[in-house]
Structure formats: C-alpha cells, structure tokens
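Here is how the chains run, residue by residue.
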Amino acid sequence: MDLKHRAERFAFKKVLDSLIDKGIKSAQAGEGLEFADELLSFVGKIQKDSWKPTTYAALQDIIHNPESKYHKFAMNLFRNVEPNILKTYILNAFYESGFRGYQLTKKMSAKYDCNIPWVVLIDPTTACNMNCKGCWAAEYGHQLSLTYDEIDDVIEQGKDFGMHAIMFTGGEPMLRKKDIIKLAEKHYDDAFNIFTNATLIDEDFCKEMVRLGNIMLSISVEGFEDANDGRRGDGHFQKVLRAMDLLKKYRIPFGCSICYTKANVDVVASDEFLDMLIEKGCIFIWYFHYMPIGAGADVNLLPTPEQRAYMKHRIREIRNLEGGKMVFAIDFQNDGQFVNGCVAGAKIYFHINAAGDIEPCAFVHYSDSNIRTDRLLDAFQKPLFKAYRAHQPFNENQLRPCPMLENPEYLRSMVKNESNAHSTDVASPEDVDVLCDRTTPYAEEWAKKADELWEEEQGYIKERAAQNDKLREEASKTGKSFY
C-alpha cells in the first residue's frame, strides 16, 4: 500500500470499528441503527457521486426504519457475529474491494482498453473427498494443484488492479486449509470466500477464521436430506448440519451455494428449507443454475422454462424489502439485469483452474492463456477475453445473459473463430461445437419465456420511471428533495 492508501484505510477502519462497537451495544440494548448515520456520512465522503442518490436514500430508510427487513438483518449481525469478523470482513469487502478496489479496476480497464475484474475465482486443487453429480470441477480429474507461490502471485498481481475479492473453489479447497490460512494471514486486506462441501470444517479452522476475520464460507447444499444426498452422497446432509452448528458456536456467519435443477427447484426455494438455513446461521445464498458441461452431462437436469421463471420471481420475493426472508439471495443466472448481463471474461470476475489455465468463467472451460506463461494483464488483453469485452452484453434481454447457456452462437464463435482457445478439461477435452449443440435446444426454449418476462420487466421499469418523474416534479414545486 502507498502512504495515501494506508492513511485512508486507517481512517475508515477507525470509524468502522467505533461504529461496530456502537452497533453491538445497541443490539444488546435492543435499540436501533441510528448511529449508522455517521458511517453513511463517512462513506459518502469517499464514494462521492459514484453512488446514486437513490442508493443513499434506500440506506437511510434501512437505518431509520426498525421494522424493515434489512434493519433487522443488520441488528442480527451485530448481535450474533464475532466482532473481529464483522470489522475485518466489512473493511476488506466493502472498503478495499467495493469502494477503493472497484474504482481502481474501472480506471485500469480504461487505461488498458480491456476488462479488468475485481473478483478472481481460483481452484487451489482438483482433489476432492466427494464426487457430486453435475459438478463442473469433477470434470478436471483429481491430480492437479496450484502451488502456494502461484496463488500468492496471482493475488499480488490482482492488487495492482484493485482486486481484493478472492474466491476459492475446487475440487474441495478445504483440502488446502493450511495454505488458505497462510494466504489470508499475508493478504490481511483481502476478503476471501471459500466454496466448500463443509465436510472438513473443524474446531481448529473455526478458531483461525475468528482470529483472521477475512474468511467467509459458502457451503454447498442442494435441499433436504433426500434431495441433497441424492446428488452429493449418503450422509453429506448431516455433515453439513454439524458444520453449520459448529460455525454458529463460534459466531461465524456463512453463506450457502445452491445449484438448482429440474429435480430440486421446489425444495431449495421453499420456506421450510430457507427457514432451516437461516436458523442455522446462513446470511447469504448463491443460487446457481445447473450447467450441462463436460462429457456425459445430463441435459435432463436443466430446469424447465416455467421452473426458471419461478426461480426468477421467487428469489426477488426472498430479497424483497417488505417481507421476504432474513437472508440475502443472489441468482447467478437470473440477476443479469442488475449487472448488465454476463459478468465473466474479467468484466467483474474470471476463473483460474488448478492447472493454471485462465478461463473467462467457472462454467466455460476454454482458455488461451495460463498463469505459468502469462501475466494476468496479458490474459485480459488476449483474444478470448477481448472477444468477451467486444460482445458483452451478449443479449439485450438480460434474462438471457450467458454466451454458453442462452447464446451459444457467441461462445462457438469466440472459441473457434475469434481466439482459437483450447478446451481445458483434462479428463475429457470437449469441442465447443459439442457443448453448444447440447445447450442450443435449451437456449431456444428459454428464449420464448425470457422474452415474455423481459417485456413485462421493461413495462414495470417504465411505469416506475414515470412515477419518479411525477414525484420529482412535485418535489420541485414544494422545494423538497425528491430523495
């Protein structure tokens, strides 16, 4: 860090620590979030006009409305989360990554005329103690691993561009617990997230998480016992519950990673399942649409258009400020409209597999660069990533964001015609034509439903815009702020 960065981080940390201490006392006394006005004011000085006025207005509403969902959500964190985790993770995830880091990635993107991400997804190893149906990681085989020094170098390179959000997948990344702890300790200013099957979480690792404060877990689970173990193997569900109980004992918050398929849609979005996760201590959920990648992928697991439409509506319902559930849910496929389509290809994130191949996405196993021969900036400026940048968004209908699942003609072209990228699947290299032929029927079927939904969505947006214009006009007459 340069001197200016250190000074700004220190100032933010000092204010944040003080306010979190106030939040803990307020939660214990059964009071509200009014003290957070100080934090919002401080954040505003840093963010300036990079946030819209409506964002500040929404945060103000959360602060001053004790009945709102996210007011209660925040108070729950103050009440139940270990203070060092709250202070460290918020500092790294929101200041280093979300505030300072994100702004730097935008500057670097303009400077080098290529996508510059603020998140990297890394597979430390392909080794795993399980063999789940439909797992993309399983397609790589189980013999590959990155060295500690290689992962460390990637993280160091990323910091030069403002990248402070590090995610580990696999294989099972917890097989590399010692290296992860060592990396988190060295890179104390980064926010780490580990996608894990939870079977290797133990007391010692929980103690390290409390000590370091900058590691978060995303636990993979696919429903209640029958549905989950049908994909992940007998006994896994009970191991997950034990791991969740252990995390709760140490006051460590966690998220869940859920792959929804034709077989489990109803279960993983149900009130009963969500209430169980929340009671166990889950605070966020990543919902991932099943991807039919790799040799022998089962297209029969793909959700129907009706099921996917249901998930689109249901997850917005779960997130809703009024009602909803006391958890923050993200739908990796259906939330494209909030991030202008596909986020891969280093637009927001990219993937490095355990062989060092630099891939545009965790679900797109093609590459034209490798960390053992290329620097990250070289990879972002090579044909495959440049092709992503040139074509994003891949569809004006952002309920059809993906170049593999919903717009396979783009992936076919980018791999074969625009980059000559190679398949990175070690076990069974897959020609891009084979993959795209597999996803084309789904893309065509979903397009009909997606276009109907998108038209409805645009109508709603226009209606809201008209209402806001009217409110602005009325506010200007009275001299009051619209916000």
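See the structure above.
We now turn to the structure provided with this report. (Residues numbered from 1 in each chain as written. Predicted model: local features only at pLDDT ≥ 70, side-chain atom pairs only at ≥ 80, totals over all residues. Heavy atoms only, no water.)

Among the secondary structure elements, K248 is positioned in helix α10 (residues 236-249). K248 sits 72 residues away from N320 along the chain, and the two C-alpha atoms are 25 Å apart. Setting aside residues up to four positions removed in sequence, K248 forms contacts with E279 and K280. (Helix = DSSP H or I, 4+ residues; strand = E, 2+ residues; numbered from the N terminus. Contact = heavy atoms within 4.5 Å.)

With their axes 10 Å apart at the nearest point, helix α1 (residues 3-28) and helix α5 (residues 83-112) run at an angle of 140° to one another. If you check the angle between α1 and α5, you find them oblique. The two elements α1 and α5 meet at a crossing, and its hand is right-handed. Here H5, E8, R9, F12, K13, L16, D17, I20, D21 and I24 of α1 come into contact with α5, specifically with P83, L86, K87, I90, L91, N92, Y95, E96, F99 and R100. (Axes fitted to C-alpha atoms, helices over the stretch in contact; angles between N-to-C directions. Parallel < 35°, antiparallel > 145°, perpendicular 65-115°, else oblique. Left-handed = near helix turned anticlockwise from the far one by under 90°.)

Two numbers describe a pair of aromatic rings. These are the distance of the centres and the angle of the planes. Taken as a whole and assessed by the stated rule, the structure comprises 21 aromatic pairs. Where F195 meets F288, the ring centres are 6.2 Å apart and the plane angle is 65°; that geometry is what we call edge-to-face. Placement of F195 in strand β3 (residues 191-196) and of F288 in strand β6 (residues 282-289) is noted, with a sequence separation of 93 residues between them. Exposure remark for F288: the relative accessible area of 13% places this residue in the buried category. Seen from their ring centres, W286 and F288 are 6.3 Å apart, and the 15° between their planes marks the pair as stacked. Across the ring face of Y148, the terminal group of K182 is positioned such that the distance to the ring centre comes to 4.3 Å. (Phe/Tyr/Trp six-rings, centres within 6.5 Å; stacked < 30°, edge-to-face > 60°. Buried < 20%, exposed > 50% of the residue type's maximum accessible area, 1.4 Å probe, protein only. Lys NZ or Arg CZ within 6 Å of the ring centre and 35° of its normal.)

A few words now on helix α3 (residues 53-64). A rise of 1.5 Å per residue sets the reference length of α3, with its 12 residues, at 16 Å; its end C-alpha atoms lie 17 Å apart and thus fit the reference within 8%. By the burial criterion, the buried members of α3 are Y56, I62 and I63. One side of α3 holds all its buried residues, which, seen down the axis, span an arc of 115°. (Expected span 1.5 Å × (residues − 1). Arc of directions from axis to C-beta.)

Geometry only, nothing functional implied.
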